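Listed here are the chains, written in short residue letters.
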Amino acid sequence: MYKLVTVDLDGTMLTRRGIITEGTKNAIKNTMEKGIDVIIASGRPIDSIKTIAKEIGSKNYFIAGNGALIYDIKKDEVIYEKILDKKKVLEIAEICEKNNITYNIYTQKTIIADKLKYNVLYYYKENLNKKEELKTNITIVNNIKEYVEKSENEKFLKITICDESKLIFNSIIKKINAISGVKAMDVYHATRKTIKQGTEDVNIEYYYTEISLKDVDKWDAIKYLLNKLNINENEIVSIGDNINDKEMIENAGLGVAMGQSMPEIKRIADYVTNDNENEGVKNVLEIYC
């Protein structure tokens with residue numbers, strides 16, 4: 001019997017429009033009523049995940065920053081963290097600015113950006129349909145590098161890099177991977193999201209990677225929780241869609257890939273469910289939990 005479910009958000013629990021269907025919410029509720037906890041494991045910062053955890057009734061823990069930290073919801077505190085130091089953040093920022101490529105920085109509380117573009121634009125559009133206290137915190141600044149240099153006691157979870165040109169994108173990844181102690185998530189295809197422009201749905205497409213410490217991933221954070229909760233690895237279900245979900249899908253008792261996942265993720269999964277537009281998470285929970 002499974003005792004824990006870890007679920008990614010974007011491309012997994014959330015549709016392209018950033019919502020959770022009522023069917024998925026009900027399946028999560030039914031799963032938790034059976035004593036199986038459902039924990040979010042996402043690349044988003046704390047405040048963005050908090051609102052979604054509340055929406056689905058998850059009351060114990062969640063994983064943020066792709067495994068950079070674990071947040072205890074009841075105690076309202078971080079219980080595990082692996083963060084980038086300021087020197088590394090500035091080194092990566094320098095490379096991005098010299099090559100005129102879009103980047104933003106995720107801290108524990110906010111996303112630092114200099115423009116509403118790509119993933120930040122998606123979160124901004126998502127915020128328009130949320131109450132003030134439920135919005136993802138976005139900090140728009142004139143100069144990201146200067147802002148980071150002047151910041152004090154800021155905890156940096158990861159850096160995201162986006163570009164529409166695969167050639168430029170791949171060139172930047174090579175330069176980032178040359179920096180010791182950090183890693184850039186492998187990317188094989190463009191990210192596709194849907195945003196609302198007036199009355200129309202508009203698709204945005206771009207290449208995207210996330211940079212964190214070398215030893216940061218969702219599975220390492222999950223293992224910490226399993227030890228804390230006295231749960232075996234074969235008693236966990238992990239559901240995701242992208243390369244940053246690879247380790248948890250590969251190592252969980254039941255690793256699940258979403259229907260639209262890249263081939264590499266489908267190959268390592270024990271089960272391939274429906275895509276995120278067709279309640280893939282609901283399907284898994286109803287069959288296995």
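Structure: above.
Residues numbered from 1 in each chain as written. Predicted model: local features only at pLDDT ≥ 70, side-chain atom pairs only at ≥ 80, totals over all residues. Heavy atoms only, no water.

1. A look at the side chain of Asn 283
Worth spelling out the cut-off: The way it works is that DSSP assigns letters per residue, a run of H or I at least four long becomes a helix, a run of E at least two long becomes a strand, and they are numbered from the N terminus. Using a 1.4 Å probe on the protein chains alone, a residue whose accessible area is under 20% of its type maximum counts as buried, one over 50% counts as exposed, and one in between counts as partly exposed. By the criterion applied in these results, polar contacts are pairs of N or O atoms within 3.5 Å in which, for protein atoms, one can donate a hydrogen and the other can accept it, and in which residues neighboring in sequence qualify only through two side-chain atoms. Between two residues, a contact is recorded if the distance between any of their heavy atoms is within 4.5 Å.
Tracing the backbone through its elements, the reader meets Asn 283 in helix α10 (residues 280–288). What makes Asn 283 buried here is its relative accessible area of 18%. A polar side-chain atom of Asn 283 sits 2.8 Å from a polar atom in the side chain of Thr 273. Sequence-distant contacts of Asn 283, defined by excluding residues within four places in its chain, comprise Tyr 271, Thr 273 and Asn 274.

2. Details of the packing of aromatic side chains
Put simply, the rule reads: For this analysis, a ring pair means two rings from Phe, Tyr or Trp (six-membered ring only for Trp) whose centres lie within 6.5 Å, classed as stacked if their planes differ by under 30 degrees, edge-to-face if by over 60, and tilted for the remaining angles. The criterion for a charge sitting over a ring is simple: Lys NZ or Arg CZ within 6 Å of the ring centre, and within 35 degrees of the ring normal.
All chains considered together, the criterion is met by seven aromatic pairs. Look at Tyr 80 and Tyr 224: their rings are 5.0 Å apart centre to centre, the planes differ by 50 degrees, and that puts the pair in the tilted class. One end of the pair, Tyr 80, is in strand β5 (residues 77–81); the other, Tyr 224, is in helix α7 (residues 218–229), and 144 residues separate them in sequence. When its relative accessible area of 34% is taken as the criterion, Tyr 224 is described as partly exposed. Aromatic rings pair up to connect Tyr 118, Tyr 206 and Tyr 208 into one cluster. Across the ring face of Tyr 106, the terminal group of Lys 158 is positioned such that the distance to the ring centre comes to 4.4 Å.

3. So, the pattern of salt bridges
Rules: Between Lys or Arg on one side and Asp or Glu on the other, a salt bridge is scored when a side-chain nitrogen of the former is within 4 Å of a carboxyl oxygen of the latter.
According to the stated counting rule, one finds 19 salt bridges in the structure shown. We note a salt bridge from Asp 76 to Lys 50, for which the minimum N-O separation is 3.5 Å. Here the residue Asp 76 occupies a position in the loop between β4 (69–72) and β5, and Lys 50 occupies one in helix α2 (residues 46–56), the gap between them amounting to 26 residues.

4. Some words on the packing of helix α1 (residues 22–33) against α10
The test is simple: Each axis is a line fitted through C-alpha atoms, taken for helices only over the stretch in contact, and angles between the N-to-C directions span 0 to 180 degrees. Small angles under 35 degrees read as roughly parallel and large ones over 145 as roughly antiparallel, with 65 to 115 read as roughly perpendicular and the rest as oblique. The hand of a helix crossing depends on one turn: near helix anticlockwise from the far one by less than a right angle means left-handed, and clockwise means right-handed. Think of it as three bins: nonpolar holds Ala, Val, Leu, Ile, Met, Phe, Trp, Tyr, Cys and Pro, charged holds Asp, Glu, Lys and Arg, and polar takes everything else, Gly as well.
Following both chains from N to C, one finds α1 and α10 inclined at 30 degrees, their axes separated by 8 Å at the closest point. The orientation of α1 with respect to α10, classified from their angle, is roughly parallel. In terms of crossing hand, the pair formed by α1 and α10 is left-handed. Of the residues in α10, those in contact with Gly 23, Thr 24, Ala 27, Ile 28 and Thr 31 of α1 are Val 281, Lys 282 and Leu 285. In the contact of α1 with α10, the residues fall into four nonpolar, three polar and one charged.

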